[in-house]
Amino acid sequence: MAKTASLKIDDKPFDLPIMTGSEGEQAIDVRRLRAESGYICFDQGYGNTGSCESNITYLDGDNGILRHRGYPIEQLAQHSDFVETAYLVIYGELPTEKQRNHFGTLLRKNAAIETQMQRIFEGFPDDAPPMAMLSSIVASLAAHYPELATNNFERDLQNFDLAAAMAISKIRTIGAMLYRYQNGMPYVHPKDIPFCENFLHMMFSEPYKDYVAEPEIAKALNLLLLLHADHEQNCSTSTVRMVGSSAANLFTSLSAGISALSGPLHGGANTAVMNMLQMIHDEGDDGTRFIEAAKSGSKSSRLMGFGHAVYRNFDPRAKIIGDACEKVLAKLGIDDPLLEIARNLEQAALKDDYFLSRKLYPNVDFYSGIIMRALGIPVNMFTVVFAIGRAPGWIANWREVASQPKGRIYRPRQIYSGPVKRDYTPMGDRG
Ligand code: CMC
């Protein structure tokens, strides 16, 4: 017999079905509760709410586990690259050689930004926040390619392969172009070279001198993007699903995800970490004073790059990236004082009862900024790089929403806590 949970309200029992995920996760299905009892579930910030069934990513925050389509992140980090992992996340299986080549060709063919679209950049001040530019320009893809963005699930899914490749490739190109625009440098057009090498080429080439990435640099960028490829129902991915659930097209939904990612508590944390490390360095602190201040509980003095909404253990991505950081810097012969400060902070926090009792461990952003700095990527571009990496996860989640025959628009409820009914007062009677 199927397992149920019993809920009693004023002596009236309600039987609620129990759902079990493929990794044994359990949930109480409350979908019919309101219709049957008049009660809703209250869960501010959805911290204990499953908003969907998904077969893309499995995350166990208590045990530090992250798997995409069943494959552990550690194995993907060791053996795969960003483009292959993007394919896996979006399509559900590791590609065959033929599928990988086809996907790579689609990415390369759709990398360029046409002249008309390039003019959008000029409408922005050259000191505009990069994520604001990125989300606006990505939204404009729906206007430039209306045949791929019809706001009709069936039609948009027919063109999904092209739209998905276009989004991944163009988000990367737009990222590089907005960097060039902000720095007053001419745009560099994409070449017929691999994905990460192409990004670095478009970012760093000089007139008459193409930037050719060292293999270590391209490998480090590949790892960084791969580690960001998807992360279950985080704030930006849930945003993409929510916007997509209204039948909004892929590009529009991605633009919303980019906006959600820009906040400092989400994707903006990598920038905040670097600013924090730089400030500690500039103040001549080795991290000791900062750690004490971070224990005040004030949101403005938090140890950025520590803590996570779902990991109550090590973020497995942080382990991989922390190790890679040492190796990349050593290979490139870079001695970055900020790495030493980061190590000091980590060691001090991992011995401190404040952090241990709250289960605050380094997250993916703690070391990712140091790697990006070593690659020559400026701090204000860090979250843009995160967005390039996260695009496959957003796309896979949009596709899942669009493909559900019985999917419904995301529409949570609330507990209203404002004034009760009152009558309109004319202006003259308002005192
Ligand atoms: N430094 C110091 N104290 C902290 C920190 C921190 N980084 N994070 C949480 N706390 C404390 C918090 O003050 C609270 O203490 P108390 O119980 O005494 O009130 C307790 O730990 C629980 O905090 P919370 O705000 O309830 O935790 P949360 O799960 O809601 O927040 C978080 C998660 C990621 C927003 C938070 O840990 C944080 O602000 N971290 C720093 C920002 C950061 O690194 N964000 C990147 C997240 S990973 C990238 C991504 O996936 O987007």
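Calculation rules
- Residues numbered from 1 in each chain as written.
- Predicted model: local features only at pLDDT ≥ 70, side-chain atom pairs only at ≥ 80, totals over all residues.
- Heavy atoms only, no water.
- Helix = DSSP H or I, 4+ residues; strand = E, 2+ residues; numbered from the N terminus.
- Pairing = 2+ DSSP bridges.
- Phe/Tyr/Trp six-rings, centres within 6.5 Å; stacked < 30°, edge-to-face > 60°.
- Buried < 20%, exposed > 50% of the residue type's maximum accessible area, 1.4 Å probe, protein only.
- Near = heavy atom within 4 Å.
- Polar contact = N/O pair within 3.5 Å; in protein donor to acceptor, adjacent residues only side chain to side chain.
- Areas by Shrake-Rupley, 256 points an atom, 1.4 Å probe, with all protein chains shown as cover.
- Nonpolar A, V, L, I, M, F, W, Y, C, P; charged D, E, K, R; others polar.
- Axes fitted to C-alpha atoms, helices over the stretch in contact; angles between N-to-C directions.
- Parallel < 35°, antiparallel > 145°, perpendicular 65-115°, else oblique.
- Contact = heavy atoms within 4.5 Å.
- Salt bridge = Lys/Arg side-chain N within 4 Å of Asp/Glu carboxyl O.
- Core = buried A, V, L, I, M, F, W, Y, C linked by side-chain atoms within 4.5 Å.
- Domains from an automatic or database assignment.
- Buried area = accessible area lost by both parts, 1.4 Å probe.

1. A few points about the environment of Gly-50
Here is step 1 of the chain: Relative to the helices and strands, Gly-50 resides in the loop between helix H1 (33-37) and strand E4 (57-60).
Here is step 2 of the chain: For Gly-50 and Asp-29, which are 21 residues apart along the polypeptide, the C-alpha to C-alpha distance reads 9.2 Å.

2. Some remarks on the pairing of strand E2 (residues 12-20)
Here is step 1 of the chain: Pairing analysis gives 6 bridges linking strand E1 (residues 4-9) to E2, with the strands arranged antiparallel. Residue Ala-5 lies in a different strand from E2, and its bridge partner there is Leu-16.
Here is step 2 of the chain: Summarising the sheet, E2 and strand E3 (residues 26-28) pair through 3 bridges and their orientation is antiparallel. Paired with Ile-18 across the strands is Ile-28, a residue of E3.
Here is step 3 of the chain: Two successive antiparallel strands, E2 and E3, enclose a turn made up of 5 residues, where Gly-24 displays a positive phi of approximately 85°.

3. Things to note about the packing of aromatic side chains
Here is step 1 of the chain: In total, this model carries 15 aromatic pairs according to the counting rule given.
Here is step 2 of the chain: Ring centres of Phe-121 and Tyr-187 lie 5.6 Å apart, and the angle between their planes is 55°; on these two criteria the pair is classed as tilted. With Phe-121 in helix H5 (residues 115-122) and Tyr-187 in the loop between helix H9 (160-182) and helix H10 (195-204), this residue pair connects regions lying 66 residues apart in the sequence.
Here is step 3 of the chain: Residue class for Phe-121 comes out buried when judged on its relative accessible area of 0%.
Here is step 4 of the chain: Between Phe-153 and Trp-398 the ring centres are 6.3 Å apart and the planes differ by 75°, which places this aromatic pair in the edge-to-face class.

4. Section: the site of the ligand
Here is step 1 of the chain: Among the 19 residues in the neighbourhood of the ligand, the closest are listed as His-266, Arg-302, Leu-303, Gly-305 and Tyr-354.
Here is step 2 of the chain: Here Phe-306 contributes a backbone N or O atom positioned 2.9 Å from a nitrogen atom of the ligand.
Here is step 3 of the chain: Arg-312 places a polar side-chain atom, nitrogen or oxygen, 3.4 Å from an oxygen atom of the ligand.
Here is step 4 of the chain: Alone, the ligand offers 940 Å² of accessible surface; in the complex the protein occludes 74% of this.
Here is step 5 of the chain: Of the residues contributing to the shell around the ligand, the split by class is 9 nonpolar, 6 polar and 4 charged.

5. Points about the sheet that holds E4
Here is step 1 of the chain: If you walk across this open sheet you meet the 3 strands as E4-E5-E6, and the pairing is antiparallel. The open sheet has two edge strands, E4 and strand E6 (71-72), and neither has a second partner.
Here is step 2 of the chain: Relative to strand E5 (residues 65-68), E4 is paired through 4 bridges, and the arrangement is antiparallel. Its bridge partner being in E5, Asp-60 is matched across the sheet by Ile-65.

6. Re the sheet that holds E1
Here is step 1 of the chain: Strand order in the open sheet made by the 3 strands is E1-E2-E3, with antiparallel pairing throughout. Either end of the sheet is taken by a strand with one partner, and the two such strands are E1 and E3. Direction aside, neighbouring strands of the sheet carry axes that sit 30° apart on average.

7. A short note on helix H3 (residues 82-91)
Here is step 1 of the chain: With 8 of its 10 residues buried, H3 lies for the most part within the structure.
Here is step 2 of the chain: All buried positions along H3 are accounted for by Phe-82, Val-83, Thr-85, Ala-86, Tyr-87, Leu-88, Val-89 and Ile-90.

8. Observations regarding the packing of helix H17 (residues 337-349) against helix H19 (residues 365-374)
To describe two helices that pack against each other, one gives the angle between their axes and the distance between the axes.
Here is step 1 of the chain: The contact between H17 and H19 brings their axes to 10 Å, and the two run at 170°. The angle between the axes of H17 and H19 places the two elements in the roughly antiparallel class. Across the interface between the two elements, Leu-338, Leu-339, Ala-342, Arg-343, Leu-345 and Glu-346 of H17 pack against Phe-366, Tyr-367, Ile-370 and Arg-373 of H19.

9. Some words on the pattern of salt bridges
Here is step 1 of the chain: Going through the model one piece at a time under the given rule, you end up with 14 salt bridges.
Here is step 2 of the chain: Across the pair Glu-23 and Arg-67 runs a salt bridge, and its minimum N-O distance is 2.6 Å. Taken together, the residues Glu-23 in the loop between E2 and E3 and Arg-67 in strand E5 connect sequence positions 44 residues apart.
Here is step 3 of the chain: Taking relative accessible area as the criterion, Glu-23 reaches 40% and is therefore assigned partly exposed.
Here is step 4 of the chain: For Asp-352, the salt bridge is made with Lys-295, and the minimal N-O distance between the two is 2.7 Å. Of this pair, Asp-352 sits in the loop between H17 and helix H18 (353-357) while Lys-295 is found in the loop between helix H15 (288-294) and helix H16 (316-331), placing the two residues 57 residues apart along the sequence.
Here is step 5 of the chain: When salt bridges that share partners are traced, they join Glu-292, Lys-295 and Asp-352 into one network.

10. As for unusual backbone geometry
Here is step 1 of the chain: Phi angles above zero are rare outside glycine, and Glu-232 is one such case at about 60°.
Here is step 2 of the chain: Examined against the element boundaries, Glu-232 turns out to sit in the loop between helix H11 (215-227) and helix H12 (235-244).
Here is step 3 of the chain: Taking the relative accessible area as the measure of exposure, Glu-232 reaches 25% and is therefore partly exposed.
Here is step 4 of the chain: Unlike most non-glycine residues, Lys-359 shows phi in positive territory, near 55°.
Here is step 5 of the chain: Within the secondary structure, Lys-359 is located in the loop between H18 and H19.

11. Remarks on the nonpolar core
Here is step 1 of the chain: Grouped together as the largest cluster of nonpolar side chains are 119 residues, with contacts concentrated most on Leu-134, Ile-168, Phe-251, Met-276, Leu-277 and Leu-303.
Here is step 2 of the chain: Sorting elements by how many residues they give to this core places H9 first, with 14 residues.
Here is step 3 of the chain: The residues contacting Leu-303, other than those within four sequence positions of it, are Met-276, Phe-290, Ile-291, Ala-294, Leu-345, Ala-349 and Phe-355.

12. Digging into the domain arrangement of the protein chain
How big an interface is tends to be expressed through the accessible area that disappears when the partners come together.
Here is step 1 of the chain: Parsing the protein chain into structural domains produces domain 1 (4-66), domain 2 (73-247 + 380-403) and domain 3 (269-374).
Here is step 2 of the chain: Domain 2 and domain 3 are separated by 27 Å when their C-alpha centres are compared.
Here is step 3 of the chain: The interface of domain 2 with domain 3 comprises 16 residues on the first partner and 20 residues on the second.
Here is step 4 of the chain: Buried area between domain 2 and domain 3, summed over both chains or domains, comes out near 1,600 Å², and the portion from carbon and sulfur atoms is 76%.
Here is step 5 of the chain: Inspection of the region where domain 2 meets domain 3 yields 0 salt bridges.
Here is step 6 of the chain: Linking domain 2 with domain 3 are 5 residue pairs in polar contact (both at pLDDT 80 or more).
Here is step 7 of the chain: Looking at the side of domain 2 that touches domain 3, the elements that each hand over two or more residues are helix H2 (73-79), H11 and helix H20 (382-403).

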